[in-house]
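Structural overview for review
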Amino acid sequence: MSVAELKERHIAATATVNSLRERLKQKRLLLLDTDVAGYSRSIGRTAVSFGPTDLVCCRTLQGHTGKVYSLDWTPEKNRIVSASQDGRLIVWNALTSQKTHAIKLPCAWVMTCAFSSSGQSVASGGLDSVCTIFNLNSPIDKDGNLQVSKILSGHKGYVSSCQYVPDDDTHLITGSGDQTCVLWDVTTGQRISVFGGEFPSGHTGDVLSVSINGSNSKMFVSGSCDGTARLWDTRIASRAVRTYHGHEGDVNTVKFFPDGQRFGTGSDDGTCRLFDMRTGHQLQVYYQQHGDNDVPIVTSIAFSSSGRLLFAGYSNGDCYVWDTLVAKVVLNLGSLQNSHEGRITCLGLSADGSALCTGGWDRNLKIWAFGGQRRVI
């Protein structure tokens, strides 16, 4: 068979695949007779109301000399780890704004960081394609630096995201630019399972985000440059349990809903979406119309403790608080006093749901606390 014939067959096959994909998309739309917001409106639900003191910036954490790319809270709520372009991890006491650790990284090009469940260790990953573990109780060296306790090496591309398995300091999941996710044994530094890669049900683009189900730690979801999110079971590494379509751009961030039955996504297409984990259906799209064609990218998301609120950070510095039931923005933290200057890159909610932390290109982290009559929602 000649090269020209192969090209013709490839073009024909691509056209067939695209046609089938479009037919599947239309079939899904026919099955969705309503969305969450439509149903909520039909039974008279209205948006949550926010007063000027219900969510306020109570602290600004200053100390990084480069853009902040990632953050994570400890389960005991009062400590935060942040990763920055300055090549350092900083561990903060969120109650006092004090730095407890400033960790110089072996590779300055860091993209992600995470606290272990016990709060005794932190992990980071980036363009060096490894996940580096630090024990916060380890002694510092003669230069005042915390020594690396373990290096998880095996990815063939940058490490974009990492998360410790809940209630387990010995296992961690990473997502990578090599289109795979990996479950690691932190104690031995060995890979336990690889998700994707040569398997046909894996991602076809860089993996940008992972989120482990808090209700069932055997399940996790990943978001990718291929525009999809995929659900994985750590007991079945050979294939994705389900693939979720809908986005028209890179899926930059994924996060499980508090009940563990749904999850949210945020994308380059400017939308956040809510998916049902079991059926694969898209339940809701969260999108704010903009006057110009420059639609801001969704960089990070988090849900409130009840799931009623969805916090979404954007590339233009906005941080919308969405009411997930009626799909309306009830507050924009980017419009408030003391908000970030420029892109918001990361955000996360404290374990008890009482505070939100955001990080951005302005090199700062900001802690937003629920006040007034609204202590937590």
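As the structure is a computational prediction, the values presented were derived from the model and not from experiment.

**Quick notes on the overall build of the protein chain**
Secondary structure summary: the protein chain contains two helices and 28 strands in total. The C-alpha atoms of the protein chain give 21 Å as radius of gyration, which agrees with the globular expectation for 377 residues (21 Å, within 12%). Once the C-alpha set of the protein chain is aligned to its principal axes, its extents read approximately 65 × 55 × 40 Å. Scored against the burial criterion, the 377 residues of the protein chain give a buried share of 50%. For the protein chain, long-range pairs separated by at least 24 residues make up 48% of all intrachain contacts whose partners lie at least 6 apart in sequence. Approximately 17,100 Å² of the protein chain is accessible, and the part contributed by carbon and sulfur atoms is 49%. Computed over 36 positive and 34 negative side-chain charges, the separation of the two mean positions in the protein chain equals 3 Å.

**Some words on the pattern of salt bridges**
Evaluation of the coordinates by the stated rule reveals seven salt bridges. Asp269 serves as the salt-bridge partner of Arg273, at 3.7 Å between the closest nitrogen and oxygen. The pair formed by Arg273 and Asp269 is uniform in burial state, with each residue classed as buried. Measuring nitrogen to oxygen at the nearest pair gives 3.6 Å for the salt bridge that ties Asp276 to Arg278. Since its relative accessible area comes to 7%, Asp276 is described here as buried. Residue Arg278 is classed as partly exposed on the basis of its relative accessible area, which comes to 48%.

**Here we look at the pairing of strand β12 (residues 180–185)**
A regular strand carries its side chains on alternate faces of the sheet. Buried residues dominate β12, accounting for six of its six residues. Neither face of β12 is left uncovered, since the one carrying Thr180, Val182 and Trp184 and the one carrying Cys181, Leu183 and Asp185 both have all their residues buried. Sheet topology note: the strand β11 (residues 171–176)/β12 ladder contains five bridges and is antiparallel. Across the sheet, residue Gly175 finds its bridge partner in β12, namely Cys181. The antiparallel pairing of β11 with β12 creates a hairpin that spans three residues between the two strands, and Gln179 there sits at a positive phi of about 75 degrees.

**Side note on the domain arrangement of the protein chain**
Domain annotation for the protein chain reports domain 1 (1–31) and domain 2 (35–370). Relative placement of domain 1 and domain 2: their C-alpha centres are 34 Å apart.

**A look at the UniProt feature "repeat: WD" (unreviewed entry) in the protein chain**
Mapped onto the present numbering, the UniProt feature "repeat: WD" (unreviewed entry) falls on residues 61–102, 152–194, 200–242, 244–285 and 337–368. End C-alpha to end C-alpha, residues 61–102 measures 13 Å, and it is 0% helix and 55% strand. Across residues 200–242, helical content stands at 0% and strand content at 42%; the span's end C-alpha atoms are separated by 12 Å.

**Re the packing of aromatic side chains**
What the rule picks out here adds up to 12 aromatic pairs. Members of the aromatic cluster, each reached through a chain of ring pairs, are Tyr244, Phe256, Phe263 and Phe275. Over the aromatic face of Trp361 sits the side chain of Lys67, whose NZ or CZ is 3.7 Å from the ring centroid. We note Arg343 situated over the ring of Trp361; from NZ or CZ to the ring centre the distance is 4.8 Å.

About the thresholds
Residues numbered from 1 in each chain as written. Predicted model: local features only at pLDDT ≥ 70, side-chain atom pairs only at ≥ 80, totals over all residues. Heavy atoms only, no water. Helix = DSSP H or I, 4+ residues; strand = E, 2+ residues; numbered from the N terminus. Rg over C-alpha atoms; globule rule 2.2 N^0.38 Å. Buried < 20%, exposed > 50% of the residue type's maximum accessible area, 1.4 Å probe, protein only. Contact = heavy atoms within 4.5 Å. Areas by Shrake-Rupley, 256 points an atom, 1.4 Å probe, with all protein chains shown as cover. Lys, Arg positive; Asp, Glu negative; His and termini not counted. Charge placed at Lys NZ, Arg CZ, Asp CG, Glu CD. Salt bridge = Lys/Arg side-chain N within 4 Å of Asp/Glu carboxyl O. Pairing = 2+ DSSP bridges. Domains from an automatic or database assignment. UniProt positions renumbered as here; feature names shortened; annotations may be inferred. Phe/Tyr/Trp six-rings, centres within 6.5 Å; stacked < 30°, edge-to-face > 60°. Lys NZ or Arg CZ within 6 Å of the ring centre and 35° of its normal.

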